[in-house]
Amino acid sequence: MRISVFGLGYVGSVSAACLAARGHQVIGIDANPDKVALIASGKAPVVEERIGELTAEVVRSGALRATTDVDEAIAGSDVSLICVGTPSAPNGSLSTVYLERVAEQIGRALAARSPDEPRHTVVFRSTMLPGTCEELLVPILSKASQLTPGIDFGVAVNPEFLREGTSVRDFYEPPKTVIGELDEESGATVAALYEGLPGEVFRVPVTVAEMTKYVDNTFHAVKIGFANEIGAVCRALGLDSHQVMDVFLADRKLNVSPAYLRPGFAFGGSCLPKDLRGLVYAARRADVSVPMLSNVLPSNEEHLRRAFELIASYGKRKIGLFGLSFKPGTDDLRESPLVELAERLLGKGYDLRIYDANVSLSRLMGANRAYIEGRLPHLGELLTNSATDVLDHAEICVAGCADTDVLTALDKAGPDQVIIDLIRLPDAAVRRARPGYVGLGW
């Protein structure tokens, strides 16, 4: 393909050189003439492993050249990759001034192209918040070009996952390729750029693609913060933190895996809250500040509050709660967030009925029974052994489990009944089309 790359910083210069090495004809564009001059002389404008040799090779072969002229670049390409910076302000807000400027320049250049030329596709690789592309940049492109996006020209978002220091290697060995497509043809054009590279390809809505980079980097930051706080606690307790983490990392089933990484309801049970409190207490006793670990339980409490406020927002009083134990397949009610939710609803005077196939008051024993008698002493009056009875009672159905009988009952919900899904029920994408369905985090 004929590709123009706007912005010759780390992402742009690496993308330009690597795409040129894959056989594409690439033009690099930057407002800084020094960067353009470096590329023209076969030198990379950044210091990166392998980028110097790769740049020299593709410039020598004629596969990569550079210019400051936007019109020339657009006239000589069919795909534009936008790799300009989106610097952050101290409050976290992003500056989109460079994106807006490039979008307007490209739009004007597109207006000058002949209608007989192939459709041009504009691909944003810059990191930007969801909605930036469709709500800000596409209108700028459309206004400046007087063309229709998705028809006269293509638009896509293609976030990069290149780490400084290993970006060339990451380009050729990506963990995944994410393509947010305004239309199917735009997505196919971008996918062709990376054909043959490893990693799963995700073709998703534009806003989903914009969000993925933030999720990745935020999780990386969370992991580093978690490891460092564990290290501080271990050191204070006289432990080798790396030995501890070697054991932690050996668990690929729960610890380093997709487990617990799907949005749902708050966590609970007899282990997670207790052990988290215990570790934070140990850190406090050792005079070690662990702000991340200290705020996990408040974060969990906030998620429970969101569920309660969502229910309250409908102004209906008859509530049917499907599920009570802290997770499916058990009757353990200790520190169950569903018990806490039920307690709040009762405290605010809601008319509540509960169904959980695994919970029978007559079978509860020991600490489990003592816990529920302290939190919901009138549970026997609220529990029913029929999911249908709860459905018949409810103006709002709160789904906290996905047992077969619960799914069967919810499928019979009437058009006036609200279904609040706390756990993402099976076929949630289909259920979202149903009037009255709302997911807690999706």
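Think of each chain on its own: its residues are numbered from 1, step by step along the sequence as written. Local features in this predicted model are restricted to residues whose pLDDT is 70 or higher, and side-chain atom pairs enter the listing and the counts only when it is 80 or higher, whereas totals over whole chains, interfaces and linings include all residues. Excluded from the side-chain calculations are hydrogens and water; all other atoms, namely the structure's heavy atoms, are used.

**Considering the UniProt feature "binding site: NAD(+)" (unreviewed entry) in the protein chain**
UniProt positions are given in the numbering used here, feature names are shortened, and annotations may be inferred rather than shown by experiment. UniProt records the feature "binding site: NAD(+)" (unreviewed entry) at D30, K35, T86, T127, E164, K274 and R334, using the numbering of this structure. A stretch of 305 residues holds the annotated residues, and the largest C-alpha distance among them is 62.2 Å, long enough that they do not meet in one place. For D30, the location among the structural elements is in the loop between β2 (25-29) and α2 (33-40). In what follows, a contact means two residues having at least one pair of non-hydrogen atoms within 4.5 Å. Setting aside residues up to four positions removed in sequence, D30 forms contacts with G7, L8, K35, V36, T67 and T68. Here's how the labels work: a residue is buried when its accessible area is under 20% of the maximum for its type, exposed when over 50%, partly exposed in between, all with a 1.4 Å probe on protein chains only. Exposure remark for T127: the relative accessible area of 24% places this residue in the partly exposed category. Ignoring any residue separated from it by four or fewer positions in sequence, one finds T127 in contact with T86, L94, E160, K213 and Y214. Strands are runs of DSSP state E lasting at least 2 residues, helices are runs of H or I lasting at least 4, and numbering of each runs from the N terminus.

**Here we look at the pairing of strand β9 (residues 318-322)**
Of all the five residues making up β9, four are buried; the element is thus mostly covered by neighbouring parts of the structure. Strands pair, by our definition, only if DSSP identifies at least two bridges between them. Taken together, the five bridges between β9 and strand β10 (residues 351-355) define a ladder with parallel strand orientation. Paired with F322 across the two strands is Y355, which belongs to β10. Think of it like this: strands point away, you trace from the first strand over the helix to the second, and a clockwise trace means the crossover is right-handed. With respect to chirality, the unit in which β9 leads through helix α14 (residues 337-347) into the neighbouring parallel β10 is right-handed.

**Some remarks on the sheet that holds β9**
Sheet architecture is open: five strands sit in the order β10-β9-β11-β12-β13, paired in parallel fashion. Both edges of this open sheet fall to β10 and β13 (437-439), since each of them pairs with a single strand only. Geometrically, the sheet is characterised by an average inter-axis angle of 20° between neighbouring strands, direction not taken into account. Strand direction decides the pairing type here: β9 and strand β11 (residues 396-399), joined by four bridges, are parallel. Bridging across to β11, F322 finds its partner in A399. As a rule, the C-alpha atoms of each element are fitted with a line to give its axis, helices using only the stretch in contact, and angles between N-to-C directions run from 0 to 180 degrees. Against the sheet, α14 contacts β9, β10 and β11, and its axis sits at roughly 160° relative to β10.

**A look at the pattern of salt bridges**
In a structure, side chains of opposite charge can pair up when their charged atoms sit close to one another. Between Lys or Arg on one side and Asp or Glu on the other, a salt bridge is scored when a side-chain nitrogen of the former is within 4 Å of a carboxyl oxygen of the latter. According to the stated counting rule, one finds 20 salt bridges in the structure shown. Here R169 ties to E49 by a salt bridge, and the two come within 3.1 Å at their closest N and O atoms. Highlighted residues: R169 in helix α7 (residues 167-172) and E49 in the loop between α2 and α3 (51-61), separated in sequence by 120 residues. Taking the relative accessible area as the measure of exposure, E49 reaches 40% and is therefore partly exposed. Connected through salt bridges with shared partners, the residues R119, D183 and E185 form a single ionic network.

**Remarks on the nonpolar core**
Among the nonpolar cores identified, the biggest contains 34 residues, and I3, V26, L64 and L81 are the most heavily contacted of them. Broken down by secondary-structure element, the contributors of at least two residues to this core are β1 (2-6), α1 (10-21), α2, α3, β3 (64-67), β4 (79-82), α7 and α8 (184-193). Sort the elements by how many residues they give to this core and α1 lands first, with seven residues. Apart from the residues within four sequence positions on either side, I3 is in contact with L19, H24, Q25, V26, I27, S77, V79, L81 and L193. Membership of the second largest hydrophobic core comes to 32 residues, among which are F308, V398, V418 and L422. Put simply, a nonpolar core is a bunch of buried Ala, Val, Leu, Ile, Met, Phe, Trp, Tyr and Cys residues held in one set by side-chain atoms that sit within 4.5 Å of each other.

**Points about the packing of helix α13 (residues 296-312) against α14**
The geometry of α13 relative to α14 is characterised by a closest axis approach of 10 Å and an angle of 45° between their N-to-C directions. By the angle between their axes, α13 is oblique relative to α14. Between α13 and α14 lies a crossing of right-handed hand. Here α13 contributes E301, L304, R305, F308 and I311 to the contact with α14, which in turn contributes P337, E340, L341, R344 and L345. For classification, angles of less than 35 degrees are called roughly parallel, those exceeding 145 degrees roughly antiparallel, those between 65 and 115 degrees roughly perpendicular, and all remaining angles oblique. Each helix crossing is assigned a hand: it is left-handed if the near helix lies turned anticlockwise from the far helix by less than a right angle, otherwise right-handed if that turn is clockwise.

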